[in-house]
Amino acid sequence: MARYIFITGGVVSSLGKGLMAASLAALLQARGYKVRIRKFDPYLNVDPGTMSPYQHGEVYVTDDGAETDLDLGHYERYTGVSARQSDNITSGRVYRDIIAKERRGDYLGATVQVIPHVTDAIKEFALADQEDLDFVLCEIGGTVGDIESLPFIETIRQLRNELEPDQSCLIHVTLVPYVSAAGELKTKPTQHSVRELTSLGVQPNLLLCRCEHPLPETERAKIALFCNVRKEAVIQALDASSIYAVPLQYHREGLDEEVLRHFGMLNKSPQPNLAVWDDIIDRYDHPEGEVTIGVVGKYVGLPDAYKSLNEALVHGGMANRVKVNIRWIDAEVFELDDADIAAQLEPLHGILVPGGFGERGSEGKIASVRFARERKVPFFGICLGMQMACIEGARNTAGIAAASSTEFGQTEEPVVGIITEWMSKEGLQQRSAATDLGGTMRLGAYDAVLAGNSHVSRIYGGQTEISERHRHRYEVNSAYKERLEAGGLIFSGMSPDGLLPEIVERPDHPWFVGVQFHPELKSKPFDPHPLFAGFIAAALEQSRLV
Ligand code: GLN
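Residues numbered from 1 in each chain as written. Predicted model: local features only at pLDDT ≥ 70, side-chain atom pairs only at ≥ 80, totals over all residues. Heavy atoms only, no water.

## Things to note about the site of the ligand
- Taken together, the neighbourhood of the ligand is formed by Gly355, Gly356, Phe357, Cys383, Leu384, Gln387, Glu407, Arg471, His472, Arg473, Tyr474 and His518.
- The side chain of histidine 518 places a nitrogen or oxygen atom 3.1 Å from a nitrogen atom of the ligand.
- Here the ligand, which alone exposes 300 Å², has 99% of that area covered by the protein.
- When residues of the shell around the ligand are traced back to their parent elements, those giving at least two are α15 (384-397) and β21 (465-472).
- The class makeup of the residues in the shell around the ligand is four nonpolar, five polar and three charged. (Near = heavy atom within 4 Å. Polar contact = N/O pair within 3.5 Å; in protein donor to acceptor, adjacent residues only side chain to side chain. Areas by Shrake-Rupley, 256 points an atom, 1.4 Å probe, with all protein chains shown as cover. Helix = DSSP H or I, 4+ residues; strand = E, 2+ residues; numbered from the N terminus. Nonpolar A, V, L, I, M, F, W, Y, C, P; charged D, E, K, R; others polar.)

## Examining the sheet that holds strand β17 (residues 413-418)
- Strand order in the open sheet formed by three strands is β16-β17-β22, with mixed pairing between adjacent strands. Of all strands in the sheet, those bounded by a partner on one side alone are β16 (403-405) and β22 (474-476). In this sheet, adjacent strand axes meet at a mean angle of 30° when their direction is disregarded.
- Inspection of the sheet shows β17 paired to β22 by three bridges, in the antiparallel sense. Bridged to glycine 417 within β22 is glutamate 475. (Pairing = 2+ DSSP bridges. Axes fitted to C-alpha atoms, helices over the stretch in contact; angles between N-to-C directions.)

## With respect to the environment of alanine 26
- By the element assignment, alanine 26 lies in helix α1 (residues 17-29).
- Sequence separation of alanine 26 and leucine 170 is 144 residues, and the distance between their C-alpha atoms is 18 Å.
- Residues in contact with alanine 26, not counting those within four places in the same chain, are Tyr78, Thr79 and Trp277. (Contact = heavy atoms within 4.5 Å.)

## Looking at the nonpolar core
- By size, the foremost hydrophobic cluster in this structure holds 51 residues, and its most contacted members are Ile5, Phe135 and Ile171.
- No other element matches α1, which puts nine residues into this core.
- Beyond its immediate chain neighbours, meaning those up to four positions away, isoleucine 5 contacts Leu24, Leu28, Phe135, Val136, Leu137, Cys138, Cys169, Ile171, Val259 and Phe263.
- One finds Val353, Phe371, Val377 and Cys390 within the second-largest nonpolar core, a separate group that totals 37 residues. (Core = buried A, V, L, I, M, F, W, Y, C linked by side-chain atoms within 4.5 Å. Buried < 20%, exposed > 50% of the residue type's maximum accessible area, 1.4 Å probe, protein only.)

## Section: the sheet that holds strand β11 (residues 234-238)
- The seven strands lie next to each other as β5-β2-β6-β1-β7-β10-β11, forming an open sheet whose pairing is parallel. Among the strands making up the open sheet, the edge pair consists of β5 (88-90) and β11. Neighbour to neighbour, the strand axes of the sheet diverge by 20° on average, direction disregarded.
- Judged from the six bridges that link them, strand β1 (residues 3-9) and strand β7 (residues 168-175) form a sheet pairing that is parallel. Opposite threonine 8, over in β7, you have histidine 172 as the bridge partner.
- Across the face of the sheet, helix α6 (residues 150-162) comes into contact with β1, β2 (35-41), β5, β6 (135-140) and β7 while running at roughly 150° to β1.

Here's what the structure looks like:
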């Protein structure tokens, strides 16, 4: 029987509920428990796949091809448990499914209502696939008090009655702001937020109070009194030095202990083994050098748009015990007439062109690939970045001056083009070039076969078969393979049927790799992705040269 931990947020958004859920799950795992984390998103999009990264940060893709909220990335990075389609639900999906059922007549003439139809659908999602788990953590997106989140809170209310009395726990994450004019931490917003929650019939068991200054005992006692929780269950959550310090910090504050006490499990629980987290934070806090990587992309104004990439670079640094400074460079600046590309790129020890959509900034990205190739600076192209590396190679080393991608409009030389048929594990996949944008991409885990003596097979520790996650509509056109290879760009990884190029590399360059997939989605602090570990190692070499 799995136990349920519901996590809600109050007062303001961006309190780090996702990190909190991930950290608590990691702490429970460190005691030997099996965990899974689910995210309930109250917005009306069916999934975040069509949302701009500026609106909602990166779209995180799971092995089974779901486009999900970026919090699922935190969950995977902290627990190593691969997220699934069934771990993220939105109001949009719930309503879509209910309306489809209603149209089919499945409700047999009943009036379809939020209670019970919407709440039942959410319940079904929360309770699915929990057989072999000890804990299911359910994070509710948004802030208590939002209209959109009401059906989710109502579902928690019902579930808490239906589950056994000791089978669920509710953690409410709040903010205790510091008012500098008064020189005091203020508990009133927390009190109000808990009152809002209890007015919906839900009493929290633990309060995690985010604060910039330590929470004095008097304030803790006051929160406990007014919010109807034990004083020990009011946990202070000071800002952490890094996101990887959060599990250890919450452990010191007694979070996991208090949760287990709530479930009556504390005396039976083994002590946590936190050696992995000690090592991670040691590598992070005590680097033995540093490198600077330039990320030449489009959404550089919002770090959350490249969340997993950012983290994977940090993991690559941990693998090499170096600090990674990331310089976010807007690819469009290189398209200005007087832009001096060399001045911006020369100080870098590695250049990375990440995934992206659309033509904007593409010439700047291609110019960065050229710089990296000619100056022998380590280069890493991811998804769109690999496509740009192929167009650059076609134009400047294979004599195909008009090379382009059909994503950017009609072209005589479609070195990158749309595919309408491909093989997945489930068989032939088909789509028309004109279908709507939601969910029409090659999504999720696909195998690739690596050339035996290639640089990438060495990076992958001698493996010749790998599985990585995809999210793209266009592919490098293998009709150009021979000409690109004659120009020195080798196709060293292909789909198992040999049709789709998955990896390109330049053997005459110290480190030049382009991949059609997103390796950053699978990197973990305790298991850095080999491509990022290798890229940062090459950047470290480069830093010794310049
Ligand atoms: N826009 C490109 C495509 O759809 C690349 C996508 C990506 O980088 N994720 O193929």
